[in-house]
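Here are the chains, one letter per residue:
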Amino acid sequence: MAYQTLRQEYLQMPVVTRAYTTACVLTSLAVQLDLISPFQLYFNPILIVKQFQIWRLFTTFLFFGTVGLNFFFNVIFTYRYCRMLEEGSFRGRTADFVMMFIFGGVSMIIFAFFVSLLFLGQAFTIMLVYVWSRRNPYVRMSFFGVLNFNAPYLPWVLLGFSLLMSNAVWVDFVGIAVGHMYFFIEDVFPNLSGGFRLLVTPQILKRLFDPPPEEVPQPADRPGGFNWGEPLAGNQDAPQQDAQ
């Protein structure tokens, strides 16, 4: 029964959240089981350019460290805020959500060249948290029942928590910076005087992730042999009405 409930909950997850969260969990478990090494996953521009190890551009976002408190913390936050975004402000706009992933990933890769970050999974999680928090500014949050604050302060609270956990705060700063860039480009600049959309989702993504809704057949095309708009048999004297 527990397995069926878990399986049903897993299948009900929106597609992008399910794919990304699953990839993160499987990657970290593979490292934990010594199936792969973290040295095969981290961001290394020299190996990417000279040895064409292109997969590092993706695996740097999938590893949250060995299974422990930091791992569970990141997985839970990734699942929670990725799902709330996909089911909230991106409902019905999966292609735009994928575009946000692409924008965030490319921006963080550029940052990684300057601040020497090896793994960007936690930064990506902070970006998701930041975008959600700015789009839900009046939601009240509680951190371990100790701190109460509005949602926009959540990324900074998490940064402070990283300091307490002795984690590299540069990762959080990159996530906050990229999250703010996306929020400004999508939610602020287009609403300014003379503003416009800077980030346009390609049509190929829309065709892949946002298929057009099925057309509902018009009454004249429906089967059943009924002549829509015609008088009923045996009532030929009844006045005809135009089909609306």
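Residues numbered from 1 in each chain as written. Predicted model: local features only at pLDDT ≥ 70, side-chain atom pairs only at ≥ 80, totals over all residues. Heavy atoms only, no water.

As recorded in an unreviewed UniProt entry, the protein goes by Derlin and comes from Frankliniella occidentalis. Within the UniProt record for the protein, the comment given under Subcellular location (unreviewed entry) is "Endoplasmic reticulum membrane". (UniProt positions renumbered as here; feature names shortened; annotations may be inferred.)

> Any details on the overall build of the protein? Residues and values, ideally.
Looking only at helices and strands, the protein features 10 helices and two strands. Counting from the amino terminus, helix and strand elements in the protein follow one another as α-α-α-α-α-α-α-β-β-α-α-α. (Helix = DSSP H or I, 4+ residues; strand = E, 2+ residues; numbered from the N terminus.)

> Help me get a handle on the UniProt feature "transmembrane region" (unreviewed entry) in the protein, residues and values and all.
UniProt annotation of "transmembrane region" (unreviewed entry) refers to residues 54-79, 100-133 and 153-178 when read in the numbering used here. Split by type, residues 100-133 is 85% helix and 0% strand. Its first and last C-alpha atoms lie 15 Å apart. Measuring from the first to the last C-alpha atom of residues 153-178 gives 16 Å, for a span that is 81% helix and 0% strand.

> Could you give an account of the environment of Met 165, with specific residues and numbers?
The residue Met 165 is located in the loop between α8 (154-164) and α9 (169-188) in this model. Spatially, the C-alpha atom of Met 165 lies 8.8 Å from that of Asn 70, the residues being 95 residues apart in sequence.

> How would you explain the nonpolar core if you had to name every residue and give the values?
Formed by 54 residues in total, the largest nonpolar core has its most connected members in Met 100, Phe 101 and Met 108. Elements with a minimum of two residues in this core: α2 (15-32), α5 (69-87), α6 (94-115), α7 (121-135), β1 (140-143), α8 and α9. In this view, Met 100 contacts Leu 85, Phe 90, Met 127, Leu 128, Val 131 and Tyr 182; residues no more than four positions away in its chain are not counted. (Core = buried A, V, L, I, M, F, W, Y, C linked by side-chain atoms within 4.5 Å. Buried < 20%, exposed > 50% of the residue type's maximum accessible area, 1.4 Å probe, protein only. Contact = heavy atoms within 4.5 Å.)

> Explain the packing of α2 against α6 to me, using residue names and the numbers behind them.
Packing of α2 against α6 leaves a shortest axis separation of 10 Å and a crossing angle of 35 degrees. For the pair α2 and α6, the contacting residues are Val 15, Val 16 and Tyr 20 in the first and Thr 94, Phe 97, Val 98 and Phe 101 in the second. Residue composition of the contact of α2 with α6, grouped by class: six nonpolar, one polar and no charged. (Axes fitted to C-alpha atoms, helices over the stretch in contact; angles between N-to-C directions. Nonpolar A, V, L, I, M, F, W, Y, C, P; charged D, E, K, R; others polar.)

> Lay out the side chain of Arg 56 in plain terms, naming residues and giving numbers.
Within the secondary structure, Arg 56 sits in helix α4 (residues 56-59). Buried and unpaired, Arg 56 has no salt bridge, with Asp 34 as the nearest side chain of opposite charge at 16 Å. Those residues in contact with Arg 56 that sit more than four places away from it in its chain are Phe 39, Gln 40, Leu 41, Tyr 42, Asn 44, Leu 47 and Ile 48. (Lys, Arg positive; Asp, Glu negative; His and termini not counted. Salt bridge = Lys/Arg side-chain N within 4 Å of Asp/Glu carboxyl O.)

> Account for the state of the cysteines, with residues named and values stated.
Scanning all chains against the criterion turns up zero disulfides. Not engaged in a disulfide, the cysteine Cys 24 finds its nearest cysteine sulfur in Cys 82; these two sulfurs lie 9.0 Å apart. Judged by relative accessible area, Cys 82 falls into the buried class, the value being 0%. (Disulfide = S-S within 2.5 Å.)

> Tell me what's going on with the pattern of salt bridges, and back it up with residues and numbers.
For the coordinates displayed, the defined rule picks out five salt bridges. A salt bridge links Arg 83 to Glu 87; the nearest nitrogen and oxygen atoms lie 3.0 Å apart. Of this pair, Arg 83 and Glu 87 both sit in helix α5, four residues apart, which is roughly one turn of that helix. Among the residues examined, Arg 83 registers a relative accessible area of 13% and is labelled buried. In this structure Glu 87 comes out as partly exposed when scored by relative accessible area, which is 31%. Salt-bridge contacts for Glu 186 lead to Arg 197; the nearest nitrogen and oxygen are separated by 3.2 Å. Within this pair, whereas Glu 186 is found in helix α9, its partner Arg 197 is found in the loop between α9 and α10 (203-209), the two being separated by 11 residues in sequence. Judged by its relative accessible area of 42%, Arg 197 is partly exposed.

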